[in-house]
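Inside the fold
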Amino acid sequence: MSEHLKAGALPALNELRAQFSLRADVCYLNHGACGACPRSVMEEWQRWQWLMEEEPAEFLFHDSDEFLPEARRVLAERLGARQQDLVFFENVTTALNAVIRSLNLQAGDEILTTDHEYGALIKAWDYVCARTGARLVKAPLDLPLASPNEVCNQVMAHASERTRVLFVSHISSPTAICMPVAELISRARIAGILSLIDGAHSPGQVELNLDALGADFYGGNCHKWLMAPPGAAFLHVKEEHQAMMQPLVVSWGWGNADIRETRFLDEQQYRGTKDISHWLAVPAAWEFRDKWNWSGVSRQRVEWLRDYDEDFLKLLRCKSMYHEDWDPFLQMRIYETPWTLQQAPALQRALREQYRITVPLTEWRGRIFVRPSLQGYNGRQDLETLLLALEKLL
């Protein structure tokens, strides 16, 4: 690391790129889907794996009683939570399935959501609704979003006396927008509705204080913008709801008189013999961010996206999907393309195979968007490369 970072300056792009193992011949603009892990964090991940291999049974059945709470403590301090309210999972989809499958839904109950949610979790709700007779109610939210207050009005207008759960993304996957979750959670609480938040894209991209936010259930990924190893995510559950949580997998942590931590943590976390090293490396991801002034790096990437916003809009001849008065300008952004749903797969392959660009084409309401993500290893040239490829494909 160069000396100038000690003064809080930003590292050079070549320094940052050297911290990752990404292929030099690929323009990687898909951090929002699969975040790359820095070399130093991978080394810490592998250190834990080798430590486990020295004495696997002792590590998994005894030492983990010390290691896991400490990793959760670091995560909790960064996220404004108590470590006993956090449990590690492999990804947000699995974590939120644990909540969805634990809810005592009855025929006629309603789950309120929007039409901007992640498809895998909509499938989870459809699965549970088909078996319980509950109903998923989707509030349509046009783009650009209205004011935060109006968005809350639009969502809550679809609530009824049968609404049991409000399920929304903090940052949406298909449309890369930031929802006014704090106000939505507050309104749900007043209405006696449980709040379940999909925070897959939030840790490492926006500031989080989970206790202050007040969601009943909040799931977040550590392996996206936080840059922890693959398979690192968490579920935050308010203490008052932890007794209702049922384990997705009934294993050695269930039904014991001798509690290792809390019954909630035992049942949710100790799911048999599994590799826990990716969870134990989460603190190293925070250390990497501190060392490389990642908050400043992230702000710079947001500014670069802002600089190129008009170029994408002009090239694609589309309107902005973001309101100029309350545009949070995240590290990922969508632009509408003229392509159809049928054309998208071939164009996705062309971007990867002909132009060596990894960038997602997302679908929403039958429309196709390109969604570039800009992380610390990306430079302005990556946006130029994408613009040139899109121009040739149009």
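Residues numbered from 1 in each chain as written. Predicted model: local features only at pLDDT ≥ 70, side-chain atom pairs only at ≥ 80, totals over all residues. Heavy atoms only, no water.

**So, unusual backbone geometry**
Residue Pro-144 follows Leu-143 across a cis peptide bond; omega there is -5°. Counting through the fold element by element, Pro-144 comes out in the loop between β4 (135-139) and α6 (148-156). The phi torsion at Met-227 lies on the positive side, around 75°, for a residue other than glycine. With relative accessibility at 0%, the residue Met-227 sits in the buried group. Backbone geometry places Arg-317, a non-glycine residue, at a positive phi of 55°. Relative to the assigned elements, Arg-317 resides in the loop between α12 (294-316) and β9 (335-336). (Helix = DSSP H or I, 4+ residues; strand = E, 2+ residues; numbered from the N terminus. Buried < 20%, exposed > 50% of the residue type's maximum accessible area, 1.4 Å probe, protein only.)

**Brief notes about the side chain of Asn-97**
Here Asn-97 shows up in helix α4 (residues 92-100). For Asn-97, a relative accessible area of 16% corresponds to the buried category. The contacts of Asn-97, once residues within four sequence positions are left out, are Leu-121, Ala-124 and Leu-248. (Contact = heavy atoms within 4.5 Å.)

**Notes on the environment of Leu-305**
In this structure, Leu-305 sits in helix α12. Sequence separation between Leu-305 and Leu-248 is 57 residues, and the spatial gap between their C-alpha atoms is 40 Å. Leu-305 has contacts with Phe-329, Leu-330, Gln-331, Met-332, Tyr-335, Leu-374 and Leu-383, leaving out every residue within four places of it along the chain.

**With respect to helix α3 (residues 56-79)**
Along α3, the sharpest change in direction is near 65° and occurs at Ser-64. Along α3, the positions that sit buried rather than exposed are Phe-59, Leu-60, Ser-64, Phe-67, Leu-68, Pro-69, Ala-71, Arg-72, Val-74, Leu-75, Ala-76 and Leu-79. Gly-80 occupies a position one or two residues after α3 and carries a positive phi of about 65°. (Bend = angle between axes of the 7 residues up to and from the residue.)

**What about the packing of helix α13 (residues 344-353) against helix α14 (residues 380-393)?**
Contact pair α13 / α14: the axes reach a minimum separation of 11 Å and the direction vectors enclose 135°. Taken together, the axes of α13 and α14 are oblique relative to one another. With respect to the hand of their crossing, α13 and α14 are arranged in right-handed fashion. Along its contact with α13, which presents Leu-347, Ala-350 and Leu-351, the element α14 presents Leu-386, Ala-389, Leu-390 and Leu-393. Across the contact of α13 with α14, the residue classes tally to 7 nonpolar, no polar and no charged. (Axes fitted to C-alpha atoms, helices over the stretch in contact; angles between N-to-C directions. Parallel < 35°, antiparallel > 145°, perpendicular 65-115°, else oblique. Left-handed = near helix turned anticlockwise from the far one by under 90°. Nonpolar A, V, L, I, M, F, W, Y, C, P; charged D, E, K, R; others polar.)

**A few points about the packing of helix α2 (residues 39-54) against helix α11 (residues 282-291)**
In contact at an axis separation of 9 Å, α2 and α11 are set at 155° when each is read in the N-to-C sense. It follows that α2 is roughly antiparallel to α11 by the angle criterion. α11 is crossed by α2, and the crossing has right-handed handedness. Counted together, Ser-40, Val-41 and Glu-44 of α2 and Ala-284, Ala-285 and Phe-288 of α11 form the full contact between these two elements.

**A word on the layout of surface pockets**
Empty space among the atoms becomes visible once a probe the size of a water molecule is rolled across them. Of the voids in this model, the largest pocket is the one considered here, and its volume is about 530 Å³. Lining the largest pocket we find 23 residues, and of these Gly-204, Gln-205, Glu-207, Arg-289 and Ser-295 sit closest to its centre. Contributions of two or more residues to the lining of the largest pocket are made by α3, α11 and α12. Per element, the largest residue contribution to the lining of the largest pocket is 6 residues, and it comes from α12. Of the residues contributing to the lining of the largest pocket, the split by class is 11 nonpolar, 6 polar and 6 charged. Here the second largest pocket defines a volume of roughly 310 Å³. Every residue lining the second largest pocket is counted, 17 residues in all, and those nearest its centre are Ala-33, Tyr-118, Asn-221, His-223 and Lys-224. (1 Å grid on protein atoms, 1.4 Å probe; cavity = no way out; pocket = protein on both sides within 12 Å on 5 of 7 lines; lining within 4 Å. Points joined across faces, edges and corners; volume = space filled by probe spheres on them.)

**Some thoughts on the sheet that holds β4**
Sheet architecture is open: 7 strands sit in the order β2-β8-β7-β6-β5-β3-β4, paired in mixed fashion. Strand pairing shows two members of the sheet lacking a second neighbour, β2 (86-89) and β4, which therefore form its edges. Put simply, the sheet's adjacent strands are angled 20° from each other on average, direction ignored. Pairing analysis gives 4 bridges linking strand β6 (residues 194-199) to strand β7 (residues 217-221), with the strands arranged parallel. In the sheet register, Gly-199 faces β7, and the bridge partner there is Gly-220. (Pairing = 2+ DSSP bridges.)

**Focus: the nonpolar core**
Formed by 74 residues in total, the largest nonpolar core has its most connected members in Leu-75 and Val-282. Ranked by the residues each element gives to this core, the list is headed by α3, at 9 residues. (Core = buried A, V, L, I, M, F, W, Y, C linked by side-chain atoms within 4.5 Å.)

**Digging into α14**
Spanning 14 residues, α14 covers 21 Å between terminal C-alpha atoms, matching the ideal 20 Å at 1.5 Å per step. Buried residues belonging to α14 abut α1 (13-17), β1 (27-28), α12, α13, β10 (357-358) and β12 (367-370). (Expected span 1.5 Å × (residues − 1).)

**Re the packing of aromatic side chains**
Inspection of every chain in the model, using the stated rule, returns 14 aromatic pairs. Consider the rings of Phe-20 and Trp-294, whose centres lie 6.3 Å apart with planes at 50°: the pair is tilted. Placement of the pair is Phe-20 in the loop between α1 and β1 and Trp-294 in helix α12, with a sequence separation of 274 residues. Considered together, Phe-20 and Trp-294 belong to a single accessibility category, that of buried residues. Through pairs of rings, three or more aromatic residues link up here, namely Phe-20, Tyr-28, Phe-288, Trp-292, Trp-294 and Tyr-377. When the ring centre of Tyr-127 is taken as origin, the NZ or CZ atom of Arg-131, which lies over that ring, is 3.7 Å away. Between Arg-260 and the ring centre of Tyr-270, over which it is positioned, the NZ or CZ distance is 3.8 Å. (Phe/Tyr/Trp six-rings, centres within 6.5 Å; stacked < 30°, edge-to-face > 60°. Lys NZ or Arg CZ within 6 Å of the ring centre and 35° of its normal.)

This is a description of form; function is not addressed.
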